[in-house]
Structure formats: structure tokens, C-alpha cells
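Next come the chains, spelled out residue by residue.
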Amino acid sequence: MFPEYDVIVVGAGHAGCEAAAAAANLGSKVLLVTMNMQTIAQMSCNPAMGGIAKGQIVREIDAMGGYSGIVTDESMIQFRMLNRSKGPAMWSPRAQNDRMLFSQKWREMLEKTMNLDFYQDMVKGLVVKDGRVKGVVTGLGHEIMAKSVVLTNGTFLNGIVHIGEKNFGGGRMAEKAATGITEQLVSLGFESDRLKTGTPPRVDGRSLDYTKMEEQPGDDEIVGFSYLDIPKPTKQRSCWITYTNQAVHDKLKTGFDRSPMFAGRIDGVGPRYCPSIEDKINRFAERDRHQLFVEPEGWNTVEIYVNGFSTSLPEDVQYEALRIVPGFEHVRMFRPGYAIEYDFFPPTQLDYSLETKLIKNLFFAGQINGTTGYEEAACQGLMAGINAHQASKELAPVILKRSDAYIGVLIDDLISKGTEEPYRMFTSRAEFRTLLRQDNADLRLTEMSHKIGLASAERMTKVEEKKKQVEEIKSVLSSFMVEPGSVNAWLETIQSSAISEKQKAQKILLRPDVELPDMMNTIPELAAALKTIHDRFARAGFYPGKV
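Residues numbered from 1 in each chain as written. Predicted model: local features only at pLDDT ≥ 70, side-chain atom pairs only at ≥ 80, totals over all residues. Heavy atoms only, no water.

A separate point is the overall build of the chain. Per the secondary structure count, the chain includes 16 helices and 22 strands. A globule of 547 residues ought to have a C-alpha radius of gyration of about 24 Å, and the chain, at 25 Å, matches this closely. Principal-axis analysis of the C-alpha atoms places the extent of the chain at approximately 75 × 60 × 40 Å. In the chain, which comprises 547 residues, the proportion classed as buried is 58%. Here the chain has roughly 21,900 Å² of accessible surface; of this, 50% comes from carbon and sulfur atoms. Separation of charge centres in the chain, based on 65 positive and 70 negative side chains, amounts to 1 Å. (Helix = DSSP H or I, 4+ residues; strand = E, 2+ residues; numbered from the N terminus. Rg over C-alpha atoms; globule rule 2.2 N^0.38 Å. Buried < 20%, exposed > 50% of the residue type's maximum accessible area, 1.4 Å probe, protein only. Areas by Shrake-Rupley, 256 points an atom, 1.4 Å probe, with all protein chains shown as cover. Lys, Arg positive; Asp, Glu negative; His and termini not counted. Charge placed at Lys NZ, Arg CZ, Asp CG, Glu CD.)

Moving on, we come to the side chain of T182. Looking at the secondary structure, you find T182 in helix α5 (residues 181–187). Side-chain polar atoms of T182 contact the side chain of D343, separated by 2.9 Å. Excluding residues within four positions of it along the chain, T182 makes contact with L157, N158, S192, D343 and F345. (Polar contact = N/O pair within 3.5 Å; in protein donor to acceptor, adjacent residues only side chain to side chain. Contact = heavy atoms within 4.5 Å.)

Ranked by size, the top nonpolar core spans 102 residues in total, and within it I8, L151, L185, L362 and M383 carry the most contacts. Sorting elements by how many residues they give to this core places helix α9 (residues 374–392) first, with 10 residues. Residue contacts for L362: discarding those within four places in its chain leaves L126, V133, V149, L151, L185, F190, L354, E355 and T356. If you look at the next biggest cluster of nonpolar residues, it comprises 22 residues, including L208, V294, F328 and M333. (Core = buried A, V, L, I, M, F, W, Y, C linked by side-chain atoms within 4.5 Å.)

A sheet is described by the order of its strands in space; here 6 strands give the open sequence β14-β15-β16-β17-β13-β18, paired in antiparallel fashion. Each of the sheet's edge strands pairs with one partner strand only, and the pair in question is β14 (214–216) and β18 (333–335). Taken pair by pair, the neighbouring strands of this sheet meet at an average axis angle of 35 degrees, ignoring direction. Strands in contact with helix α8 (residues 315–322) are β13 (202–204), β17 (303–307) and β18; relative to β18, the strand with the most contacts, it is inclined by about 145 degrees. (Pairing = 2+ DSSP bridges. Axes fitted to C-alpha atoms, helices over the stretch in contact; angles between N-to-C directions.)

Strands belonging to one sheet form pairs held by backbone hydrogen bonds; the direction of such a pair is parallel or antiparallel. Reading across the sheet, the 4 strands line up as β11-β10-β19-β12 and stay open at both edges, with antiparallel pairing between neighbours. The open sheet has two edge strands with one neighbour each: β11 (166–169) and β12 (193–199). Adjacent strand axes in the sheet meet at a mean angle of 25 degrees, parallel and antiparallel pairs treated alike. Pairing of strand β10 (residues 160–163) with β11, which is carried by 4 bridges, proceeds in the antiparallel orientation. Bridge assignment links I163 to a residue of β11, and that residue is K166.

Moving on to the pairing of strand β7 (residues 123–129). Here β7 pairs with strand β8 (residues 132–138) via 6 bridges, running antiparallel. Bridge pairing links G125 to V137 in β8. Counting the residues between successive antiparallel strands, the hairpin from β7 to β8 contains 2 residues, one of them, D130, with a positive phi of roughly 55 degrees.

Time to look at the packing of helix α2 (residues 54–63) against helix α10 (residues 406–417). The geometry of α2 relative to α10 is characterised by a closest axis approach of 8 Å and an angle of 110 degrees between their N-to-C directions. Judged by the inter-axis angle, α2 sits roughly perpendicular to α10. Between α2, through Q56, I57, E60 and I61, and α10, the contact on the second element is made entirely by Y406, I407 and L410. Looking at side-chain class alone, the contact of α2 with α10 contains 5 nonpolar, 1 polar and 1 charged residues. (Parallel < 35°, antiparallel > 145°, perpendicular 65-115°, else oblique. Nonpolar A, V, L, I, M, F, W, Y, C, P; charged D, E, K, R; others polar.)

All right, on to the confidence of the model for the chain then. Of the residues in the chain, 97% reach a pLDDT of 70 or more, and the chain-wide mean stands at 94. Taken together, the stretch residues 543–547 has pLDDT below 50 and engages in 24 contacts with residues farther than four places along the chain or on a different chain. (pLDDT = per-residue confidence, 0-100.)

Turning to the pattern of salt bridges, a few remarks are in order. Following the criterion strictly, the structure yields 33 salt bridges and no others. The salt bridge involving D6 is made with K393; its shortest N-O contact spans 3.4 Å. Within this pair, whereas D6 is found in strand β1 (residues 5–10), its partner K393 is found in the loop between α9 and α10, the two being separated by 387 residues in sequence. Overall, D6 belongs to the buried group, its relative accessible area being 10%. Given a relative accessible area of 35%, K393 falls into the partly exposed group. Counted as one network, the salt bridges with shared partners bring together R402, D412, D413, K417 and E431. (Salt bridge = Lys/Arg side-chain N within 4 Å of Asp/Glu carboxyl O.)

So, about empty space enclosed by the protein. Where empty space is left can be seen by rolling a probe of water-molecule size over the atoms. What the rule picks out here adds up to 2 cavities of 30 Å³ or more. Here the largest cavity is characterised by a volume of approximately 40 Å³. Taken together, Y352, M383, N387, V398, I399, L400, I407, G408 and I411 make up the full set of residues lining the largest cavity. Here the lining of the largest cavity takes 3 residues from α10, the largest share from any one element. (1 Å grid on protein atoms, 1.4 Å probe; cavity = no way out; pocket = protein on both sides within 12 Å on 5 of 7 lines; lining within 4 Å. Points joined across faces, edges and corners; volume = space filled by probe spheres on them.)

Before going further, it helps to examine helix α4 (residues 99–111). The α-helix advances 3.6 residues per turn, and as a result positions three or four apart in sequence lie on the same side. For α4, with 13 residues, the first-to-last C-alpha span of 19 Å sits near the 18 Å given by 1.5 Å per residue. The set of residues buried in α4 consists of R99, L101, F102, S103, W106, M109 and L110. Two or three places before M100, at the opening of α4, D98 has a side-chain oxygen 3.2 Å from that residue's backbone nitrogen. (Expected span 1.5 Å × (residues − 1).)

Time to look at the environment of V409. Along the polypeptide, V409 turns up in helix α10. Residue classification places V409 among the buried positions, given a relative accessible area of 0%. Note: C-alpha distance between V409 and Q438 (29 residues apart in sequence) is 15 Å. Discounting chain neighbours no more than four positions away, the residues touching V409 are R402, Y423, M425, R429 and A430.

In total, this model carries 8 aromatic pairs according to the counting rule given. Taken together, a centroid distance of 5.0 Å and an interplanar angle of 80 degrees make the contact between F2 and Y119 edge-to-face. Placement of F2 in the segment before β1 and of Y119 in strand β6 (residues 116–120) is noted, with a sequence separation of 117 residues between them. In this structure Y119 comes out as buried when scored by relative accessible area, which is 15%. When the ring of F190 is compared with that of F345, the centres are 6.2 Å apart and the planes differ by 85 degrees; the resulting orientation is edge-to-face. Of the two residues, F190 is situated in the loop between α5 and β12 and F345 in the loop between β19 (338–344) and β20 (362–364); the sequence distance between them amounts to 155 residues. A single burial state applies to F190 and to F345, both of which are buried. Clustering of aromatic rings is evident, with ring pairs tying together F190, F345 and F364. Of note, R59 hangs over the ring of Y227, and the distance from its end group to the ring centre comes to 4.5 Å. Above the ring of Y423, the side-chain terminus of R429 is found at 4.2 Å from the ring centroid. (Phe/Tyr/Trp six-rings, centres within 6.5 Å; stacked < 30°, edge-to-face > 60°. Lys NZ or Arg CZ within 6 Å of the ring centre and 35° of its normal.)

Right under this line is the structure:
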């Protein structure tokens, strides 16, 4: 029934989708096995991609030929560039997405990918011989053989869902857990442990009073994530901001005695940087309010994601507390928030290729390695897919260093330090962050990816054109002399020191408070000299900033 594959990918979340696409696009014959074909690339938690450091990761995935950036651009309902008030290295793109459209676009792209097959079934074990993986065993009893296997099981390995005093097996709400893999891997010598994550209630947007909230519109300029020319939306949906208060906290506390977290029914460690609302009011008792982001789930749905209200308290307590939040007085709840506890494998058991040390040609990617977040999972999937292909062809692995990419930082952190809590990427983790900007990921990574056969010729052509344009701009800025009289009045308005003699434009641009567009607006001659080059940059979706 099944041929032998080069690569089998287990799980079709963000890691699994990127892994399957990467291996197939490199030329491997790939099988993607998922428990439910209707939930491919499901946004299990908030319907958003990117953010601080995470946006840089999505850009890096795109620069290497992954799909996350394209799908994000094709399904976004709002775009914002975060940290604009800081230096360009801190700028981080973030998109609010249409949850259903995101999954649909991912499936469409995967179905259009050559060499990629699909099968719906649970993988309950691996075929291992002489220390090497040979295939997988499914719940229906099929042995499917492959040269390499990538496990991207997310939160499904022996997953348990917790809502108050209730708990039941599941990898997500209304989806069964995966069993068998953990037990087999432990019997083969692997170490496993438990982690926890959570999600907030989903509510009916028609029942909310937005006049009591602060509107958070998208940016006027939609930069997007992909370096390819993906059409951007012509309109955007706003998000909204509201706050908890002491009355909300007092109501939530009435359920603490039934909380699975406080009662000790959850053994796994939760994410420190995305705590539940009960954890926040317990740990930060001095704070009388916490910010909530009210996020639409798509273009054509009234469902709302209450970002910042993740909880596993009893359903009645969740509902009663929500009704005290400004704007939520008449809220109708679609489904409660819940916590989920699941198995993971400490990532120190992997090599830098994401191949396991104990079993050859077996790769782990995503939450199975202890990470949290779609972006962290997707970039691991990309690298595991690349290296599963390389291993199946007996080629050298592809390794990114910390100086190459945030992806390299993440993998190095996991492999060398491990993690005892869900790992999340921050700009502060990257010592080379001033070089690892969101706008230069293509300059850093596309050529390398093109050489191994992943990044397309179209992407490589765009990079070569960008390099040419950068050199042209540098040439103009290093030769154009600026007269004191043409800039001093403007420099005074931005509280920057006046110049007393002619200076090269390049030297003035190096000042931290000087931006190229403002400088061009001030000096028409410089604008004329750069106009053609600058327009080409804009059409390519790239803004050079400090050249």
C-alpha cells in the first residue's frame, strides 16, 4: 500500500508543515502523517504570527524558502511593525491572521508541493533497527518505511487537558492525545519530562462593547513577512485593548481552590513569559490590573481571542470574571480556556542538526523539544526537514551558527543548555542581534539555502538585486556632500548637533536620530540622487534604514 519514503514527517502543525515542505522541495519523497487532515497548520492558540524576535524568525524562514512568511502574508488581517521607537535591529513584524484562512493557505501550498504525500492516522511507534530509524507504525497497524523520520508531535504526546477539577486526554480541545511514542523512546534510552501550556477563552464579538476599549489599528504601511511579492490586504481589522481590575481578580481567586495548577494536579512547568491570568494575579499581587488584547479570529467570524486571559480555572469562574472586564459585561463565551500538559524530550539529547544522538536519522522539531510558539516550532521544522533530507541522501547536515540567524541562536540554546520550561525566543538571547535584523534575513540566508537547492532562483535574483542596490546607495551617500545651510535647521528640530562645514551624507546618516527618508525630505538634491534606487527598494518590499 505504501512505498518506501525518503522522509516521513509525523504531525502537521507548524513544525511538521515546514519540515515536510523543506524536505520535499529539496527533492525527497515525503509522507506527512497527521491525526486529522482538517487541522493542518492549526493555530492552536492566538491567531497571530511574529512579534518581538519571533518576527525575525519568520523572516529567516522565508529567506530560506520556507512557507510561513508567505502564508502569513496571504492570511493577515492586521500588520504592525513593533519597536519602531527603537533601533532597526529591534524592529519586529507582527501579523494578526485569519485562523481558518491561515490553515487553508498552508494546506493549499502543501498540496501544490511536488513529492509530498499525506496520510491521516496516528503514529504509535517507530521501526528501529541497529540504532537507526527505518519507519513508523500507525494506529491502523501499517508499517511505513523511510530513510529518515521527523517527529513534530506538539502537545499531543500523552496530552491531558485541564479545566478546573475536570481533566481528560487530548492534544487540543476536542482532539485525542497521541500514545505509544513516548513509551517506546523511553524504553530505547531517551529521557522525557512534562510541560504545560494554556489558552484563553474564545468569546462572541457581538456581545462586546468596544466603546469601553482602546482601539489598536494596524500600520498604514504593510511591510509583511515574505521577501517575495505577495499582495498585501487593502484593509485591516483593528484589535482592542482592555484591562482586568481588582474585582476581576477577586472573582478569579474564588476558583483557586479548584485550580489544577494550585491544587497540584498539573506536574508540568508552564511558560514563564506567557503565564495564566491566575498565575499573574498570584505572582504579581501588587498589580491592580493586567492588560488584555481583544483579537478577532478572522475576516468573516465573530469569534474573539482574549489574549492575556489564559486560564485553567473552572468554566463558571472564567465566565463570571470575564463579565467584570470593561466591555465584557454581556459577554457570551464560545469555549473556556484550558491548560494542557504533555510530554517533551529534553533537547540536549539532539545534535545541532536536530537529529537524535541515540537513533540515527530520527529528528525532533517543535514542542517535543520544549519550545513554545508557532515561530519557534516552524524554524525547527524547517531545519529538521532540511537535515532529514540530507541524512536520507547521505549528505552533510546544514547547521546555522548563532551569528547567522535567530534560528541558530534557538537551536544552540536548546542543544547546549536544554530547557526546563517552555522556551521562547527574545532579542536579548542573541548576542549578534544588531546584525540579525528582520530586514536583512535574505542577505544572510538566501544564498546558503539556494546552494543546497531550497531557496528558489527567484529569491536569489532578488537578493543579488538588493546587494546591487545597497552598493549604489552607499556610493551616493559616501560621495554626496551636505552643506551646513541645507540641514542645520532640520537638525535643530530633531535636537541633533549642527554641522559647521560640509560633510558626507553618510556621516550624518550614522547619527542615531537621523533617518534616511527624513534626510531625503530635507535635501531635495539627495532625494533626486537616490529616488530611482529608493523606489526600487520600495517595490522590493525592503527599506534599508541605516545603510
